[in-house]
Amino acid sequence: LTLEDLQRSGEPDLYRAVQKLRPNWLRSRGQASTSQATGVTLFVDGVPRGTVDALRNFSLNSVGSVQYFSANEAGFRFGTLAGNGGTVEVTTRH
């Protein structure tokens, strides 16, 4: 999702914009394990930031783009820090 997509959503924060435009990105996928949570993880500019609930703290104007990676794609890109429930990556505007 681009900044323009997010702004057109009319939502006040990034979580609500993603929820409106791509609700499936916020839903956990994959199997649960005893060592890893299945929640969707959040990375900001390549740095792990917890769960997608943290998207509520982002102003749309600070975001350049938002991308979703499946658990397999996220594991390849971010390693074990990505967990096994998929990953949302936010790239901020610099």
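See above for the structure.
What you see is a predicted model; the values in this text were computed from it and never measured.

Novice: Got a minute to help me understand the packing of aromatic side chains in this structure?
Specialist: Going through the model one piece at a time under the given rule, you end up with three aromatic pairs. Ring geometry for Trp25 versus Tyr68: centroids 6.0 Å apart, planes at 20 degrees, classification stacked. Pair noted here: Trp25 is in the loop between helix 2 (14–21) and strand 1 (41–44) and Tyr68 is in strand 3 (residues 63–69), with a separation of 43 residues, a long-range link. Take Trp25 and Tyr68: they sit in the same class, and that class is buried. Members of the aromatic cluster, joined through ring pairs, are Phe43, Phe69 and Phe78.

Novice: Where do I start with the sheet that holds strand 2 (residues 47–51) in this structure?
Specialist: Whether parallel or antiparallel, the strands of a sheet pair through hydrogen bonds between backbone atoms. Strands sit in the order 2-1-4-3 across an open sheet of four strands; the sheet is mixed. Every other strand in the sheet has two partners, leaving strand 2 and strand 3 as the edge strands with one partner each. Geometrically, the sheet is characterised by an average inter-axis angle of 25 degrees between neighbouring strands, direction not taken into account. Two elements, strand 1 and strand 4 (residues 87–92), share four bridges in a ladder whose sense is parallel. Note that in strand 4 the partner of Val44 across the bridge is Val90. Contacts between helix 3 (residues 71–78) and the sheet are confined to strand 1, strand 3 and strand 4, with strand 3 contributing the most and set at about 115 degrees to the helix.

Novice: Could you clarify how one ought to interpret the environment of Asp45 in this entry?
Specialist: Here Asp45 lies in the loop between strand 1 and strand 2. For the pair formed by Asp45 and Thr92, sequence separation is 47 residues and the distance between their alpha carbons is 6.6 Å. Ignoring sequence-local partners within four residues, the contact set of Asp45 consists of Glu89, Val90, Thr91, Thr92 and His94.

Novice: I would appreciate a short explanation of helix 2 in the present structure.
Specialist: In an α-helix, one turn spans 3.6 residues; hence positions three or four apart end up facing the same way. Every buried residue of helix 2 is listed here: Leu14, Tyr15, Ala17 and Val18. When helix 2 is viewed along its axis, its buried side chains cluster within an angular range of 165 degrees and face the same direction. Tucked inside the fold, the buried residues of helix 2 contact helix 1 (3–8), strand 3 and strand 4. Two or three places before Tyr15, at the start of helix 2, stands the capping residue Asp13, its side-chain oxygen 3.0 Å from that residue's backbone nitrogen.

Novice: Can you walk me through the pattern of salt bridges in this structure?
Specialist: When their charged atoms lie close together, side chains carrying opposite charge are able to pair. Scanning all chains against the criterion turns up four salt bridges. Where Lys20 meets Glu11, a salt bridge forms, and the shortest distance between an N and an O atom there is 3.9 Å. Where Glu89 meets Arg77, a salt bridge forms, and the shortest distance between an N and an O atom there is 3.3 Å. Residue Glu89 is located in strand 4, and its partner Arg77 is located in helix 3; the two are separated by twelve residues in the primary sequence.

What counts and how
- Residues numbered from 1 in each chain as written.
- Predicted model: local features only at pLDDT ≥ 70, side-chain atom pairs only at ≥ 80, totals over all residues.
- Heavy atoms only, no water.
- Phe/Tyr/Trp six-rings, centres within 6.5 Å; stacked < 30°, edge-to-face > 60°.
- Helix = DSSP H or I, 4+ residues; strand = E, 2+ residues; numbered from the N terminus.
- Buried < 20%, exposed > 50% of the residue type's maximum accessible area, 1.4 Å probe, protein only.
- Pairing = 2+ DSSP bridges.
- Axes fitted to C-alpha atoms, helices over the stretch in contact; angles between N-to-C directions.
- Contact = heavy atoms within 4.5 Å.
- Arc of directions from axis to C-beta.
- Polar contact = N/O pair within 3.5 Å; in protein donor to acceptor, adjacent residues only side chain to side chain.
- Salt bridge = Lys/Arg side-chain N within 4 Å of Asp/Glu carboxyl O.

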